[in-house]
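# Coordinates in review
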Amino acid sequence: MENKTMMTDLYELTMAQAYFDDNALDSVAYFDGFFRNIPFGSGYAIMGGVDNIIQYIQNLKFTDEDIEYLRSTKRFNEKFLEYLRNFKFRGDIWIVPDGTVIFDNEILISVKANLIEAQLIETTILSYLNSCIKFTTAAKRMVESANGIPILEFGARRADGPEAAVLASKCAYIAGCVGTSNVMAAKEYGIPVMGTMAHSMVSAEESEYEAFLKFAKSFPNDSVFLIDTYDTIKSGVVNAIKVANDYLIPNGYRLKGVRIDSGDLSYLSKKVREILDEAGMQDCKITISNGIDPHTINALRIQGSKFDLIGAGDNIAAPKERVGVVYKLVAVEKEGHIIPRIKISNDAIKIINPGYKKLYRFFDKKTGFALGDVMALHDEIIPEDTFTLIDPLNEFNTTVIKDYIVKELQVELFKDGKLVYEDPDIFTKQIYCNVQIGTIYPEIKRLVKPHKYYVDLSRNLLDLKKKMILEHKKSAGVE
């Protein structure tokens, strides 16, 4: 992986020098990464980007060229530049694994390191989390809407650059897509690569029939024709059947499929299915594409559309949404004691949850469904028999749960700068993601007005938060 050490905001470096000049190399800080609102109006999101963060941390190193550039800005002193020349991340990181169902306002990543190390890694970590969570969530919502109908991701040309395209393909596969058209992503991650032809091949030939025939001769075992270049019903499907009868079947092959990329996908898919069946090609699969999103899939299924595969691009690789993961200081360590820190805001949702914390999920013993998540102080012991979930925005709103299994959601990723986590391969992540989404109640997965999932605070954490808010108001003269 390319060294991305310099992919950082300037203020990370200017703050780092200020800490360095103040002899803060031994000042230990704790940071939390989380988002405040679930994207897409969804009831859930899906974690992504862990593998990218691992590679980023392992490749952290300021090169001679980097140092020379920073020197040329005339902002940094030589002692600090020499420190950067020997820079290495030596801290600890905990993270929620890829493919986990996640929710708003809960810690996804926790970093414990000296202030400089913890600050310098912020920008790239946020960049990976914001992009990968967006891609994985977008794809999973489509997979859930498709209800078992395979989805092929082919959004590379719509992505915001080649790296984003590869990330989207990887995330889409973890979320449950069956393959990608992106050859680079397929090569890098071992994802099944799929794809056939574009409209340009059809219009480049003298006739639609000749284009289909040429493709069939090159790929007789994988003949899938794009049939909407001119007229899906009067021309496209007719020529597809003719090439099948003239060339494929006489040579021992079958027409594998047709793709519809425009028009009324419901009407056309049903009509094409009828025509193919009448021609004895019941085994020919129909793929639909063209700006597909979860709501479109839902509507098409309700209308009884006849398709066997979905091609999805824009709304996986370039969705018009943002996740908004932020990275906030929550504690510092002095003389071996962890001292919580808090950021106050007039907007209640922007008041951070202070302290070094852990994240837990409760599962119903009988059904396996997730009952709720709770954040607790790192040294709290979660009881195994009864627990009270407390709404952090309304502490009178409580829910007592019993007969549960509780699981800590974060895993330790780095310890003293060394990787201690065995990151699963992409195929294992896809299976894991599918299992995790199965633990979420259907009401939370609704596309429209989903049920709100509990993400609550332990009593100790809530009391600490209230105490710190009151103390800050008192010190500011506001009571």
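Look a little higher up for the structure.
Residues numbered from 1 in each chain as written. Predicted model: local features only at pLDDT ≥ 70, side-chain atom pairs only at ≥ 80, totals over all residues. Heavy atoms only, no water.

In this section: the pattern of salt bridges. Summed over all chains, the structure comprises 28 salt bridges. Of the charged contacts, one joins Arg 85 and Asp 64 as a salt bridge, the two residues approaching to 2.8 Å between their closest N and O atoms. Note that Arg 85 is positioned in helix H4 (residues 78-85) and Asp 64 in helix H3 (residues 64-72), a separation of 21 residues in sequence. By relative accessible area, which is 26% here, Arg 85 ends up partly exposed. We classify Asp 64 as exposed; its relative accessible area is 57%. With a shortest N-O distance of 3.5 Å, Glu 144 and Lys 445 are connected by a salt bridge. With Glu 144 in helix H6 (residues 122-146) and Lys 445 in the loop between helix H15 (426-437) and strand E21 (455-457), the pair connects residues that are 301 residues apart, well separated along the chain. The class for Glu 144 is partly exposed, based on a relative accessible area of 28%. Of the residues examined, Lys 445 reaches a relative accessible area of 23% and is grouped as partly exposed. Each of Glu 395, Arg 459, Asp 463 and Lys 466 takes part in salt bridges that share partners, so that together they form one network. (Salt bridge = Lys/Arg side-chain N within 4 Å of Asp/Glu carboxyl O. Helix = DSSP H or I, 4+ residues; strand = E, 2+ residues; numbered from the N terminus. Buried < 20%, exposed > 50% of the residue type's maximum accessible area, 1.4 Å probe, protein only.)

Glancing now at unusual backbone geometry. In this structure, Asn 23 is a non-glycine residue whose phi angle is positive, near 60°. Turning to its location among the elements, Asn 23 is positioned in the loop between helix H1 (10-21) and strand E1 (28-35). For Asp 416, which is not glycine, the phi torsion reads 55° and is therefore positive.

Two numbers describe how H6 lies on helix H13 (residues 294-302): the axes approach to 8 Å, and their chain directions differ by 5°. Looking at the two axes, H6 sits roughly parallel to H13. Residue-level inspection shows Arg 141, Met 142, Ser 145 and Ala 146 of H6 in contact with H13, the latter providing Pro 294, His 295, Ile 297, Asn 298 and Arg 301. Of the residues in the contact of H6 with H13, the class split is 4 nonpolar, 3 polar and 2 charged. (Axes fitted to C-alpha atoms, helices over the stretch in contact; angles between N-to-C directions. Parallel < 35°, antiparallel > 145°, perpendicular 65-115°, else oblique. Contact = heavy atoms within 4.5 Å. Nonpolar A, V, L, I, M, F, W, Y, C, P; charged D, E, K, R; others polar.)

Counted at 1.5 Å a residue, the expected span for H15 with its 12 residues is 16 Å, and the 16 Å between its end C-alpha atoms agrees. Taken together, the buried positions of H15 are Ile 426, Lys 429, Cys 433, Gln 436 and Ile 437. One side of H15 carries all its buried residues, which in axial view fall inside an arc of 90°. For H15, the N-terminal capping position is held by Asp 425, with its side-chain oxygen 3.0 Å away from the main-chain nitrogen of Phe 427. (Expected span 1.5 Å × (residues − 1). Arc of directions from axis to C-beta. Polar contact = N/O pair within 3.5 Å; in protein donor to acceptor, adjacent residues only side chain to side chain.)

Take the pairing of E1 next. The buried count for E1 comes to 7 of 8 residues, which makes it a mostly enclosed element. When E1 meets strand E12 (residues 325-334), the two strands line up antiparallel, connected through 8 bridges. Looking at E12, one finds that Ala 29 is bridged to Val 332. Bridge analysis of E1 against strand E5 (residues 109-114) gives 6 bridges, and the strand direction is antiparallel. Note that in E5 the partner of Gly 33 across the bridge is Ile 109. (Pairing = 2+ DSSP bridges.)

Right, let's get into the side chain of Glu 122. Structurally, Glu 122 can be placed in helix H6. Despite its burial, Glu 122 pairs with no opposite charge; the closest candidate is Lys 328, at 6.8 Å N-O. Among the polar contacts made by the side chain of Glu 122, one reaches the side chain of Gln 119 at a distance of 3.1 Å. (Lys, Arg positive; Asp, Glu negative; His and termini not counted.)

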